[in-house]
Amino acid sequence: MRSRVFGEVAELYDAGRPGYCDDMVDEVLAYAALGARPAAEIGAGTGKATVQFAARGVPVVCVEPDERMAEVLRRNTAGHGAVTVEVSAFEDWQRAGRRFGLLYAATSWHWTDPGRRWDLVHAALELGGTLALFWNPHGVVDAGLQAELAEIDRRHGVEHSPHAAVASFYGDVSGAWTGEEDWPLEECQRDGRFADLRSVRFRDHVSYDTGRYLAYLTSISAYRILPVADRELALSETARVLDANGGGIDMVRLSDLFLARAA
């Protein structure tokens, strides 16, 4: 199952994946106004988002389907006593009647079952509780470099890699926004049980050296599902291009956030 390939490289995932914009985390918490109420995280992975919420004093129940990822998650959150890790797919999670003031999914909502996820979220939220979905699109600053990397992707059958788009594709809009990538909005509107829908975009710049960027790519499902020989070729060709362009890559990193309240 493609959604479970990350456990094969849990340590590499933890080392290579970026975190999330602190301003975005603050935006979620200001909207949710949790007080002492707990949050639950859908598909917590190794805790990239978890530690940012827990560091702000939020009690978090982490739902993570892969035990290998959960092991790293426990280690990363060991200093936060209010974090609980429960190994389960979101669709199979046993809430035992618990409801939460906030459910959030950090680059994991697309792995949940579209036919069930809105029912499950609505059942798990308190009245007025918050759903927060966020993810990190990337865009390569240098258009020539992006074209070279996209050609490597094409040759090796890599789809939806972080360098699939040049940074200018995303424009220069920050703050409230609507766009073709705002796909949770349409689903949520069709469901009809949520109110105060908002979409907010944050942006920053990030630079990767070749080694760190390859670690990032190696942790992504688009590469994990390739035959080993194809993956190694794609990564080695990417490394050669990056080394020939100064030993790294500069990117615009977005944090796209969707918020809604259970009505």
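Peer 1: Explain the nonpolar core to me, and be specific about the residues and the numbers.
Peer 2: Judged by nonpolar contacts, the single largest core of 30 residues is most densely connected at Met 24, Phe 53, Leu 102, Tyr 104, Phe 134 and Leu 257. Here this core gets 6 residues from one element, more than from any other, and that element is helix α2 (residues 22–32).

Peer 1: Can you break down the pattern of salt bridges residue by residue, with the values?
Peer 2: The tally for this structure, following the rule as stated, stands at 17 salt bridges. For Arg 261, the salt bridge goes to Asp 196, with nearest N and O atoms at 3.2 Å. Taken as a pair, Arg 261 in strand β9 (residues 248–262) and Asp 196 in strand β8 (residues 194–209) lie far apart in primary sequence, 65 residues in all. Since its relative accessible area comes to 23%, Arg 261 is described here as partly exposed. On the basis of relative accessibility, which here comes to 33%, the residue Asp 196 falls in the partly exposed class. Here the residues in one salt-bridge network are Glu 151, Arg 154, Arg 155 and Glu 237, joined through shared partners.

Peer 1: Describe in detail the environment of Arg 201, supporting the description with residues and values.
Peer 2: As for its placement among the helices and strands, Arg 201 is situated in strand β8. Measuring from C-alpha to C-alpha, the distance between Arg 201 and Leu 12 comes to 27 Å, with 189 residues separating the pair along the chain. Side chain to side chain, Arg 201 and Asp 256 meet in a polar contact 2.7 Å long.

Peer 1: Can you tell me about the environment of Phe 194, naming the residues and giving the values?
Peer 2: Along the chain, Phe 194 turns up in strand β8. As for Phe 194 and Ala 263, which are separated by 69 residues in sequence, their C-alpha atoms are 5.0 Å apart. Phe 194 has contacts with Trp 118, Val 121, His 122, Leu 125, Cys 188, Ala 260, Arg 261, Ala 262 and Ala 263, leaving out every residue within four places of it along the chain.

Peer 1: Explain helix α10 (residues 228–244) residue by residue, including any values.
Peer 2: Over its 17 residues, α10 extends 24 Å from the first C-alpha to the last, a length consistent with the 24 Å expected when each residue adds 1.5 Å. Inspection of α10 places Arg 231, Ala 234, Leu 235, Glu 237, Thr 238, Ala 239, Val 241 and Leu 242 among the buried residues, and these make up the whole buried set. Lining the buried residues of α10 we find α6 (143–156), α8 (210–218), α9 (221–224) and β9.

Peer 1: An account of the pairing of strand β3 (residues 83–87) is requested, with residue identities and associated values reported.
Peer 2: As judged from the 5 bridges shared by strand β2 (residues 60–64) and β3, these two strands associate in the parallel manner. In the strand pairing of β3, Val 63 is matched with Glu 86.

Peer 1: So what's going on with the packing of aromatic side chains? Which residues, and what values?
Peer 2: Ring pairs (aromatic) are described by centroid distance and by the angle formed between their planes. Within the structure shown, the criterion is met by 12 aromatic pairs. Between Phe 90 and Trp 93 the ring centres are 6.3 Å apart and the planes differ by 35°, which places this aromatic pair in the tilted class. Per residue, the accessibility class of Phe 90 equals that of Trp 93, and both read buried. Grouped by ring-pair contacts, the aromatic residues Tyr 20, Phe 53, Tyr 104 and Phe 134 constitute a single cluster. Across the ring face of Tyr 31, the terminal group of Arg 261 is positioned such that the distance to the ring centre comes to 3.9 Å.

What counts as what
Residues numbered from 1 in each chain as written. Predicted model: local features only at pLDDT ≥ 70, side-chain atom pairs only at ≥ 80, totals over all residues. Heavy atoms only, no water. Core = buried A, V, L, I, M, F, W, Y, C linked by side-chain atoms within 4.5 Å. Buried < 20%, exposed > 50% of the residue type's maximum accessible area, 1.4 Å probe, protein only. Helix = DSSP H or I, 4+ residues; strand = E, 2+ residues; numbered from the N terminus. Salt bridge = Lys/Arg side-chain N within 4 Å of Asp/Glu carboxyl O. Polar contact = N/O pair within 3.5 Å; in protein donor to acceptor, adjacent residues only side chain to side chain. Contact = heavy atoms within 4.5 Å. Expected span 1.5 Å × (residues − 1). Pairing = 2+ DSSP bridges. Phe/Tyr/Trp six-rings, centres within 6.5 Å; stacked < 30°, edge-to-face > 60°. Lys NZ or Arg CZ within 6 Å of the ring centre and 35° of its normal.

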